[in-house]
Amino acid sequence: DAKTTQPNSMESNEEEPVHLPCNHSTISGTDYIHWYRQLPSQGPEYVIHGLTSNVNNRMASLAIAEDRKSSTLILHRATLRDAAVYYCILRRAGTASKLTFGTGTRLQVTL
Amino acid sequence: DSGVTQTPKHLITATGQRVTLRCSPRSGDLSVYWYQQSLDQGLQFLIQYYNGEERAKGNILERFSAQQFPDLHSELNLSSLELGDSALYFCASSVQGAAGELFFGEGSRLTVL
């Protein structure tokens, strides 16, 4: 599985936008970029995914670099409920499609 | 609520014992995944089933086994338990394909004393 690199932790103020970076320089053409988050004492939760184009949904936006070697998860207005570990994961098409979790970024949101 | 149901939520047992964790996937999802999360190892992929057949295997110990039944529910069997097997065990389900999201259950917390 291609690897991703994320900062161990980030902090944000409530109501401010948060940009969570992810590097995936060895991404292949058939790898989808997935983001999941895990709130304390809960199972991981899907956030967003994309292949080449930027994506928006009700939770977040995903900005994908033109060369696809990096991506950024954008939370437009962080709330205290967004405090979680965010995982950037590459998922290959056409195979078993398991998710391989790294260590993720622990996001702290403060008032 | 993800729609994935895991039982039991909590389980305390002794070393050397055997336990079975159960997972009911979301209605219509054919793929089931098992993950182990311990404090020092993070989320580790154990095994995946698709429509009753094993599809992928991760770092699953030989003492552990799993199966997916015709009604698509899955069971993870852990035997000869050791202290180090204490962890959260998550089940997830999805439709097949890399674009599909995984839906995770709330986990089964296993404590081995």
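Residues numbered from 1 in each chain as written. Chains lettered and ligands numbered in written order. Predicted model: local features only at pLDDT ≥ 70, side-chain atom pairs only at ≥ 80, totals over all residues. Heavy atoms only, no water.

**Regarding the sheet that holds strand S8 (residues 74-78) of chain B**
All names here are of chain B. Operational definition: Strands are treated as partners if at least two bridges between them are detected by DSSP. Helix and strand assignments follow DSSP, with helices taken as H or I runs no shorter than four residues and strands as E runs no shorter than two, numbered in order from the N terminus. To get an axis, fit a line to the C-alpha atoms, keeping to the stretch in contact for a helix; angles then go from 0 to 180 degrees between the N-to-C directions.
Ordered in space as S1-S3-S8-S7, the 4 strands form an open sheet in which the pairing is antiparallel. Taken across any chain shown, the strands that pair with only one partner, and hence form the sheet edges, are strand S1 (5-7) and strand S7 (64-68). Taken pair by pair, the neighbouring strands of this sheet meet at an average axis angle of 15°, ignoring direction. In this structure, S7 lies alongside S8, joined through 5 bridges in antiparallel fashion. Among the inter-strand pairings, Gln67 is bridged to a residue of S8, identified as Glu75.

**Quick notes on the sheet that holds strand S6 (residues 61-64) of chain A**
All names here are of chain A. Taken together, the 4 strands give an open sheet; going across it, the order is S2-S7-S6-S5, and neighbouring strands pair in antiparallel fashion. The open sheet has two edge strands with one neighbour each: strand S2 (18-23) and strand S5 (55-56). Inspection of the sheet shows S6 paired to strand S7 (residues 70-75) by 4 bridges, in the antiparallel sense. Counterpart to Ser61 in the pairing with S7 is Ile74.

**Brief notes about the side chain of Ser79 of chain B**
All names here are of chain B. As a reminder of what qualifies: N or O atoms closer than or at 3.5 Å make up a polar contact, with two conditions inside protein: a donor-capable atom paired with an acceptor-capable one, and, for residues adjacent in sequence, both atoms drawn from side chains. We call two residues in contact whenever any of their non-hydrogen atoms come within 4.5 Å of each other.
Note on placement: Ser79 falls in the loop between S8 and strand S9 (87-94). Reaching out from Ser79, the side chain makes a polar contact with the backbone oxygen of Arg63 at a distance of 2.8 Å. If sequence neighbours within four positions are ignored, Ser79 has contacts with Gln17, Arg18, Arg63 and Phe64.

**With respect to the nonpolar core**
As a rule of thumb, nonpolar side chains are buried together in soluble globular proteins. Here is the rule: To define a nonpolar core, start from buried Ala, Val, Leu, Ile, Met, Phe, Trp, Tyr and Cys residues and group those joined through side-chain atoms within 4.5 Å. With a 1.4 Å probe rolled over the protein chains alone, any residue whose accessible area is under 20% of its type maximum counts as buried; one over 50% counts as exposed, and the rest are partly exposed.
Formed by 22 residues in total, the largest nonpolar core has its most connected members in Leu20, Ile33, Trp35, Leu73, Leu75, Tyr86 and Leu107 of chain A. Among the elements of the structure, S2, strand S3 (31-38), strand S4 (45-50), S6, S7, strand S8 (84-92) and strand S9 (105-110) of chain A are those that each provide at least two residues to this core. No other element matches the 4 residues that S8 of chain A contributes to this core. When near neighbours in sequence (up to four residues on either side) are disregarded, Leu20 of chain A contacts Met10, Trp35, Ser71, Thr72, Leu73, Tyr86, Thr105 and Leu107 of chain A. With 21 residues, the next largest nonpolar core counts Val32, Trp34, Ala87 and Val112 of chain B among its residues.

**Re unusual backbone geometry**
At the junction of Thr7 of chain B and Pro8 of chain B, the peptide bond is cis and its omega measures out at -10° in the coordinates. One can find Pro8 of chain B in the loop between S1 and strand S2 (10-13). Of note in the backbone geometry, Ser41 of chain A takes a positive phi value of approximately 65° without being a glycine. The topology assignment puts Ser41 of chain A in the loop between S3 and S4. With a relative accessible area of 73%, Ser41 of chain A lands in the exposed category.

**Some remarks on the interface of chain B and chain A**
The cut-off we apply is this: We define buried area as the total accessible area lost by two parts upon association, computed with a 1.4 Å probe and summed across both. Salt bridge criterion: a side-chain nitrogen from Lys or Arg within 4 Å of a carboxyl oxygen from Asp or Glu.
Contacts between chain B and chain A engage 19 residues on the former and 19 residues on the latter. With both sides pooled, the region where chain B packs onto chain A buries about 1,500 Å², and carbon together with sulfur makes up 57% of that total. On inspection of chain B and its partner chain A, the count reaches 0 salt bridges. Summed over the shared surface of chain B and chain A, the result is 4 residue pairs in polar contact (both at pLDDT 80 or more). For the side of chain B that touches chain A, the elements supplying multiple residues, two or more each, are strand S4 (31-38), strand S5 (42-50), strand S6 (53-57) and S9 of chain B.

**Section: the pairing of S8 of chain B**
Two faces make up the sheet, and in a regular strand the side chains alternate between them. All names here are of chain B. The buried fraction of S8 amounts to 5 of the 5 residues, a majority that puts the element mostly inside the structure. Looking at chain direction, strand S3 (residues 19-24) and S8 are connected through 5 bridges and run antiparallel. The partner of Thr20 across the bridge, within S8, is Asn77. Adjacent in sequence and paired antiparallel, S7 and S8 are bridged by 5 residues, among which Leu72 carries a positive phi angle near 80°.

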